[in-house]
Amino acid sequence: MSLLTFPYCNFSNTLSSSGDFMQWHQATVLHQCLSQTAVMLSLKRKWTPRNAFDLCSHCLMCVPRNLQITKEHFALYQQEITPREKVHERCKNICTPKDTFDRTLLHTHDKSRTDLEQVPKIFMKPDFALEDSLTFNAVLPWSHFSTAGGKGNRDAASSKLLQEKLSHYLDIVEVNIAHQISLRSEAFFHAMTSQHELQDYLRKTSQAVKLLREKISKIDKVMCEGSLRVLRLSLTRNNCIKAYNKLKLMATVHQTQPTVQLLLSTSEFVGALDLIATTQEVLQQELQGIHSFRHLGSQLCELEKLIDKMMIAEFSTYARNDLNRPLEDDCQILEEERLVSLVFGLLKQRKLNFYEIYGDEMIITAKNIIKQCVVNTVSQIEEIDTEVVVKLADQMRMMNFPQWFDLLKNIFSKFTIFLKRIKATLNTIRSVVFLVLDKNQKTRDLEDTLEKNSAKDSTVDTEVAYLTHEGMFISDAFSEGDLLPVAADTTSQRNTSPNSEPCSSDSVSEPECTTDSSSSKEQTSSSVTPGGVEMMISDDMKLTDLELVRLANNIQELLYNASDICHDRSVKFLMARAKDGFLEKLNSNEFVALSRLMEGFILDTEQICGRKSMSLRGALQSQANRFVNRFHEERKTKLSLLLDNERWKQAEVPAEFQDLVDSVSDGRISLPEKKTAATEERKPAEFLIVEGQKYATVGTVLLLIRIILEYCQCVDNIPSITTDMLTRLSDLLKYFNSRSCQLVLGAGALQVVGLKTITTKNLALSSRCLQLIVHYIPIIRAHFEARLQPKQFSMLRHFDHITKDYHDHIAEISAKLVAIMDSLFDKLLSKYEVKAPVPSACFRNICKQMAKMHEAIYDLLPEEQTQMLFLRINASYKLHLKRQLAHLNVVNDGGPLNGLVTSDVAFYTGNLQALKGLNNLDLNMAEIWEQKR
């Protein structure tokens, strides 16, 4: 502590630096409390304004008022102050007078510093304490107090010297302290003068405070004490109500486990889960820390896990009962309320894979359906001995086609009802999922609306909160008092509603009543399923929209899987029967019936499930391909046998073939089912009438037309084989064209059938048969085009190629007929001589052959084709005649030879135009003559 600051207010007259000190002492100081030594010792204390204030107050208060002062009062003081006055006098000689202080201040300060430097540093340390042994030994060395022999006088001298040294140090310190006090005496006296004024102010302030306290006490008694008492009573009442409600809530929570057991006994899983969730929330929020319920939370968790297992087992049982009930034509949902309750419970517990249980049951049930149908059918067939043939598959293979077909039809009908029932159940489950999804959306919309409204209407109200003796704020007390009547009104309205029951500690609905008093956020809303079942959807289903949408898609996929399962089981049933080649041996009518049945089942399942299943369709396509191959091979073989035995003579046309052609002309490409009696009584016709034209044909072509219609009818009956049938029909038409060409134009019929020769009539008849087929190719093309996909239209080019091949073939036959006559003309006209008689034998022979040609083809070919053919023959005739005339040097000069030739030509012309249908034929015989140059 610095020696330059000294706060105490009582100083002795010895500390004064001038004679004025005694005058001040006589005027103001009545009682001296501290000596100069006490003042110096008190310098060790830490300076604070409070210490100074207390000291000054003590000095002032210790002087009694109205006291008579005598000399005796100063006797003790004089006795104590006399030694100190001497020290003071000595200090006066040392200290510089006040008027010369300014001049000697620096010198005095240096001198004081020099004197203080004589004092050892150990005395100046802040932690100086003689209690410390090291400090004590440093200040008072023990060597000075040794009492060893012969050194007593020296030690006594040393001790005296040490005492004088310490006294000298003390004097130096006291002088410096006195000097410092003298320097600050004026500020001290000024502070003491201000102290009286401060005391006056404090006294007035104390009186004002006392008066104010009296007034506040009166106001408190008159205005505040009653109001605060009312508030305290209100708070006490609220606390009692809260305690009562808490006890009531505890009583309700105590009944949770028995209530849950009661709900589980009636399979009310959703209610039990809601009750558990509400109870857990109440335990965590309102009953937290209650010792008696410390184990209830874990017990409820275990109970919730048990309910999870019970719900899964219950759903498995429901699925088994639903799918295994009798498959009658009834698609009613089995216990819809129970299903809805189970689905809600599973969703609430986030058991989102429950649909897999239903899927597993579907597979098992599908197997059992086929097995049961086979057993029922086998039991009705007496020909099958079940004791000899044990396996169901072997028993099924012993059935004939009608029996097996009826069995398959029964299986398909059962599967159809099975799928409809699955669809109804899955639709109910999906509707529950969508209701929860819709509830989530509405909840979000409501939250957004409330958030916007709260943002608009929010205002900040600043209230002053006063703390009561019970630890609550007055503003809170008012809020509690305001809210309590509102809550009571709400509770009374809820309890007096028609559908509500009063809350009681042992009632089943107690958790629902206490939910309002708790801070639970769980709310419920009513929704109705498509089946008319009303459901309460709670807001505590913490499922995201993505999870719900994925679950709905999985349920829809389960319906597709049900269709696939039925198709897969049907395929296995079909393949089991096809192992011995049974399906490949079916005739066309049987396979068409089978195909129609399978196509009908496929379309029904697609309509029910909304998606195509390819397994059964693929199996049908595979069997159809085998059927097409066998169908085509049978008919191709049949056509080959017919052609190999065909003698290429005109055949009579039975009435049924004429009716068949007429139906095609009317746009009905189908085969008649049965021969009518009227058809059998009608006689066969000589020609086939097609759209007004006569066609002479052979028996093979009539049968070929019927075969073609069989191909077209197969396409109608089995649309899936359209492309294969088109390819096979194209192959059949090409085969007929090539084979007929080999037999007629190539003269293969001579070896195959044993014909002696291929006549012009054979050629003409072959040409007309080809023309009949060509006539039907566009009709066949249109029939297939209507049944092909647009991307398959490129396959129709086969018909274009076939048409071209047939036209080429017809042209080759015409050329062959012309070539026959051409060779005849070359042979006859090469021997022609211009001489009498007229007509010559050559021309008579030519006209005879021309008449035979006309007779052979006129009834077979149309008149236009006959005319065109004879024009070509005439052109060949003119060419050969012109060449022979040029060889004979006969010219058109009007001479005798020219006249003979003209007569022969006229004979030829007359005979040719006399033939039926050739009378208007323009022969232009002038071309036989060489033109003059």
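Residues numbered from 1 in each chain as written. Predicted model: local features only at pLDDT ≥ 70, side-chain atom pairs only at ≥ 80, totals over all residues. Heavy atoms only, no water.

Peer 1: Explain the overall build of the chain to me, please; I cannot follow it from the model alone.
Peer 2: When its secondary structure is counted, the chain shows 30 helices and 4 strands. Across the 933 residues in the chain, those meeting the buried criterion constitute 40%. Pairs at least 24 apart in sequence give 77% of the contacts found in the chain among residues at least 6 apart. Carbon and sulfur atoms provide 54% of the accessible area of the chain, an area that totals close to 53,600 Å². (Helix = DSSP H or I, 4+ residues; strand = E, 2+ residues; numbered from the N terminus. Buried < 20%, exposed > 50% of the residue type's maximum accessible area, 1.4 Å probe, protein only. Contact = heavy atoms within 4.5 Å. Areas by Shrake-Rupley, 256 points an atom, 1.4 Å probe, with all protein chains shown as cover.)

Peer 1: Would you mind going over a nonpolar patch on the surface with me for this structure?
Peer 2: A grouping of Leu-198, Tyr-201 and Leu-202 is seen on the molecular surface, where their side chains present a nonpolar patch of about 300 Å² in accessible area. Given a relative accessible area of 53%, Tyr-201 falls into the exposed group. (Patch = residues over 30% accessible without salt bridge, like charges linked within 9 Å, V, L, I, M, F, W, Y side chains within 5 Å. Salt bridge = Lys/Arg side-chain N within 4 Å of Asp/Glu carboxyl O.)

Peer 1: Just checking my understanding: could you explain the environment of Lys-638 for this structure?
Peer 2: You can see Lys-638 is positioned in helix H20 (residues 614-644). Classification of Lys-638 by relative accessible area gives partly exposed; the value is 42%. In sequence terms Lys-638 and Leu-703 are 65 residues apart; their C-alpha atoms lie 9.5 Å from each other.

Peer 1: So what exactly am I meant to see when it comes to helix H23 (residues 699-717) here?
Peer 2: In an α-helix, one turn spans 3.6 residues, which is why side chains three or four residues apart end up on the same side. Spanning 19 residues, H23 covers 27 Å between terminal C-alpha atoms, matching the ideal 27 Å at 1.5 Å per step. Most of H23 sits inside the fold, with 14 of its 19 residues counted as buried. (Expected span 1.5 Å × (residues − 1).)

Peer 1: Is there a simple way to think about a negative patch on the surface in this case?
Peer 2: On the surface, Asp-445, Glu-447, Asp-448 and Glu-451 cluster together to form a negatively charged patch. Relative to the helices and strands, Asp-445 is located in helix H15 (residues 401-457). Owing to a relative accessible area of 38%, Asp-445 belongs among the partly exposed residues under this scheme. (Lys, Arg positive; Asp, Glu negative; His and termini not counted. Charge placed at Lys NZ, Arg CZ, Asp CG, Glu CD.)

Peer 1: What's the story with the packing of H23 against helix H24 (residues 722-745) in this structure? I'm lost.
Peer 2: Axis angle and axis distance: for two packed helices, these are the angle between their axes and the distance between the axes, and together they describe the pair. The N-to-C vectors of H23 and H24 enclose an angle of 170°; their axes lie 9 Å apart at closest approach. Relative to H24, H23 is oriented roughly antiparallel. On the side of H23, the interface is formed by Thr-700, Val-701, Leu-704, Ile-707, Ile-708, Tyr-711, Cys-714 and Val-715, while H24 contributes Thr-722, Met-725, Arg-728, Leu-729, Leu-732, Leu-733 and Phe-736. (Axes fitted to C-alpha atoms, helices over the stretch in contact; angles between N-to-C directions. Parallel < 35°, antiparallel > 145°, perpendicular 65-115°, else oblique.)

Peer 1: Even after reading the chapter, I still don't get the nonpolar core, so can you show me in this structure?
Peer 2: When a protein is soluble and globular, its nonpolar side chains tend to lie buried together. Formed by 198 residues in total, the largest nonpolar core has its most connected members in Trp-404, Met-725, Phe-784 and Phe-870. Among the elements that take part in this core, H15 stands out by supplying 18 residues, more than any other. Leave out the neighbours within four places in its chain, and Trp-404 touches Met-396, Met-399, Phe-573, Leu-574, Arg-577, Phe-582, Leu-583 and Leu-594. (Core = buried A, V, L, I, M, F, W, Y, C linked by side-chain atoms within 4.5 Å.)

Peer 1: Explanation requested: the packing of aromatic side chains in the structure shown.
Peer 2: Considering all chains together, one arrives at 18 aromatic pairs under this definition. With a centroid separation of 5.4 Å and 65° between ring planes, the pair formed by Phe-825 and Tyr-877 is classed as edge-to-face. Taken as a pair, Phe-825 in helix H27 (residues 797-829) and Tyr-877 in helix H29 (residues 863-888) lie far apart in primary sequence, 52 residues in all. The pair Phe-825 / Tyr-877 is uniform in exposure class, with both members buried. By the ring-pair criterion, three or more aromatic residues cluster together here, those being Phe-825, Tyr-832, Phe-843, Tyr-877 and Tyr-908. The lysine or arginine in question, Arg-768, covers the ring of Tyr-695, its NZ or CZ lying 3.8 Å from the ring centre. (Phe/Tyr/Trp six-rings, centres within 6.5 Å; stacked < 30°, edge-to-face > 60°. Lys NZ or Arg CZ within 6 Å of the ring centre and 35° of its normal.)

Peer 1: Looking at this model, I keep getting lost on the environment of Leu-828. Mind explaining?
Peer 2: Here Leu-828 shows up in helix H27. Through-space distance from the C-alpha of Leu-828 to that of Ala-841 is 9.6 Å; in sequence the pair is 13 residues apart. With residues up to four places along the chain from it excluded, the contact list for Leu-828 reads Cys-842, Asn-845 and Ile-846.

Peer 1: Please explain the pattern of salt bridges as it appears in this structure.
Peer 2: A side chain of one charge can pair with a side chain of the opposite charge if their charged atoms are brought near each other. If you walk through the whole model with that rule in mind, you get 21 salt bridges. In this structure, the salt-bridge partner of Asp-659 is Arg-682, at a minimum N-O distance of 3.0 Å. Here Asp-659, found in helix H21 (residues 655-665), pairs with Arg-682, found in the loop between helix H22 (677-681) and strand E3 (688-690); they are 23 residues apart in sequence, far enough to count as distant. By relative accessible area, Asp-659 is classed as partly exposed at 28%. Arg-682 gets classed as partly exposed once you look at its relative accessible area, which sits at 41%. Among the ionic contacts, a cluster of salt bridges with common partners joins Arg-630, Glu-634, Arg-635 and Glu-710.

Peer 1: Would you take a moment to explain the state of the cysteines for this structure?
Peer 2: Chemically, a disulfide is nothing more than a covalent bond linking the sulfur atoms of two cysteines. Per the stated rule, a full pass over the model turns up 0 disulfides. Not part of a disulfide, Cys-609 finds its nearest cysteine sulfur in Cys-566, a span of 7.5 Å. (Disulfide = S-S within 2.5 Å.)

Peer 1: I tried to follow the packing of helix H9 (residues 256-265) against helix H11 (residues 296-324) on my own but got confused; where do I start?
Peer 2: As a packed pair, H9 and H11 sit with axes 11 Å apart at the nearest point and diverge in direction by 5°. As summarised for this structure, H9 and H11 are arranged roughly parallel, according to the angle between their axes. Contact residues: H9 offers Thr-256, Gln-257, Val-260, Gln-261 and Leu-264, while H11 offers Leu-296, Gln-299, Leu-300, Leu-303, Ile-307 and Met-310.

Peer 1: In this structure, what is going on with unusual backbone geometry? I would like to understand it.
Peer 2: Most peptide bonds adopt trans geometry, and most residues besides glycine take a negative phi value. Residue Ala-836 is joined to Pro-837 through a cis peptide bond whose omega torsion reads -5°. In the segment running from Val-838 into Pro-839, the intervening peptide bond is cis, with an omega of -5°. Within the fold, Pro-839 resides in the loop between H27 and helix H28 (841-857). One non-glycine residue, Glu-691, adopts positive backbone phi at about 50°. For Glu-691, the location among the structural elements is in the loop between E3 and strand E4 (693-695).

Peer 1: Can you help me understand the environment of Val-890 in this one?
Peer 2: Examined against the element boundaries, Val-890 turns out to sit in the loop between H29 and helix H30 (896-913). On the basis of relative accessibility, which here comes to 6%, the residue Val-890 falls in the buried class. Beyond its immediate stretch of four places on either side in the chain, Val-890 contacts Val-834, Leu-885, Leu-897, Asn-898, Val-901 and Trp-929.

Peer 1: I would appreciate a short explanation of the confidence of the model for the chain in the present structure.
Peer 2: Interpreting fine coordinate detail is not advised for predicted regions of low pLDDT. Overall, the predicted model of the chain reaches an average pLDDT of 77, with 78% of residues at or above 70. In the model, residues 1-63 has pLDDT below 50 throughout and makes 84 contacts with residues more than four positions away in sequence or in other chains. Taken together, the stretch residues 459-523 has pLDDT below 50 and engages in 73 contacts with residues farther than four places along the chain or on a different chain. (pLDDT = per-residue confidence, 0-100.)

Peer 1: Sorry if this is basic, but what is going on with the side chain of Glu-710 here?
Peer 2: Along the chain, the position of Glu-710 falls in helix H23. Among the residues examined, Glu-710 registers a relative accessible area of 17% and is labelled buried.

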